[in-house]
Amino acid sequence: MSIIAEKGGANVTLDSIAKAAGFSKGGITYYYSSKEALFKEVFQYFFSFVFERANQEMSRHIDPLQKILSYTWIYDPNDEQAVRMFPLLFEILAMATHNSEYRQAYQNWVNDWVTIAKEVLEDGKASGQFQVENIDETARLIVAATQGIATRWTLDRENHSTEWAKKSLEVSVKRILSVP
């Protein structure tokens, strides 16, 4: 995960991955027939940790709005998962352009985030906190805003600081949900 996030998929080989992991190239190819097969496994493995972390962060809050706003952990430049997450996501996006398996992996990533957001929105609607007509569309909009903010934060921190990212998420979510 580290070497892919740090150097990019196009800039690493199975040999460089093996060396970074302390294995021989043969040891890697015994389990993975190609770099792409290894990457898919890395993405799935890492993303499972991301969703576990998202659920942990949300579980710290009772209020549905605060649960969604807890997504701000992804904008922490000192958080190892946050720092790795978007370079890995950008890798899968680049590969998804021409590969249906990576496209499906990306779609799964988005759908998992949407599912998490929908659960929170359903709780907020049931409690009367959110006046949401279409929970699925609203969840997709929140996830899209979160990812868009993260893209700018990751690629242009000079103009999109961590404080900007956190504030932008808060403002966006509150406007989407029409809450003060």
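Higher on the page you've got the structure.
Here the structure is a predicted model, which is why all the values come from computation and not from measurement.

### Some remarks on the packing of aromatic side chains
Right, on to step 1. Per the counting criterion, the structure on display carries 13 aromatic pairs.
Right, on to step 2. On the numbers, 6.1 Å between centres and 55 degrees between planes, the contact of Phe46 with Phe47 is tilted.
Right, on to step 3. Residue Phe47 is classed as buried on the basis of its relative accessible area, which comes to 7%.
Right, on to step 4. An angle of 70 degrees between the planes, with centres 5.2 Å apart, marks the rings of Tyr71 and Trp113 as edge-to-face. Of this pair, Tyr71 sits in the loop between helix H5 (64–69) and helix H6 (80–96) while Trp113 sits in helix H7 (residues 100–126), placing them 42 residues apart in sequence.
Right, on to step 5. Look at Tyr71 and you get buried, because its relative accessible area is 1%.
Right, on to step 6. An aromatic cluster is present here, built from Phe39, Phe43, Phe46, Phe47, Phe51, Tyr71, Tyr102, Trp109 and Trp113 joined pairwise through their rings.

### A look at empty space enclosed by the protein
Right, on to step 1. For the structure on display, the rule yields 1 cavity of 30 Å³ or more.
Right, on to step 2. Its boundaries defined by the atoms lining it, the largest cavity holds a volume of some 90 Å³.
Right, on to step 3. Tyr71, Ile74, Phe86, Trp109, Trp113, Val143, Thr146 and Gln147 are the residues that line the largest cavity.
Right, on to step 4. Top element by residues in the lining of the largest cavity is helix H8 (residues 135–155). It accounts for 3 residues.
Right, on to step 5. Of the residues assigned to the lining of the largest cavity, the class counts are 6 nonpolar, 2 polar and no charged.

### Points about the packing of H6 against H7
Right, on to step 1. At a minimum axis distance of 7 Å, the contact between H6 and H7 shows a crossing angle of 135 degrees. In terms of orientation, H6 lies oblique with respect to H7. As for the relative orientation of H6 and H7, their crossing is left-handed in sense. Judged by residue contacts, Met85, Leu89, Ile92, Leu93, Met95 and Ala96 of H6 engage Tyr102, Arg103, Ala105, Tyr106 and Trp109 from H7.
Right, on to step 2. Along the lines of polarity and charge, the residues of the contact of H6 with H7 split into 10 nonpolar, no polar and 1 charged.

Calculation notes
- Residues numbered from 1 in each chain as written.
- Predicted model: local features only at pLDDT ≥ 70, side-chain atom pairs only at ≥ 80, totals over all residues.
- Heavy atoms only, no water.
- Phe/Tyr/Trp six-rings, centres within 6.5 Å; stacked < 30°, edge-to-face > 60°.
- Buried < 20%, exposed > 50% of the residue type's maximum accessible area, 1.4 Å probe, protein only.
- Helix = DSSP H or I, 4+ residues; strand = E, 2+ residues; numbered from the N terminus.
- 1 Å grid on protein atoms, 1.4 Å probe; cavity = no way out; pocket = protein on both sides within 12 Å on 5 of 7 lines; lining within 4 Å.
- Points joined across faces, edges and corners; volume = space filled by probe spheres on them.
- Nonpolar A, V, L, I, M, F, W, Y, C, P; charged D, E, K, R; others polar.
- Axes fitted to C-alpha atoms, helices over the stretch in contact; angles between N-to-C directions.
- Parallel < 35°, antiparallel > 145°, perpendicular 65-115°, else oblique.
- Left-handed = near helix turned anticlockwise from the far one by under 90°.
- Contact = heavy atoms within 4.5 Å.

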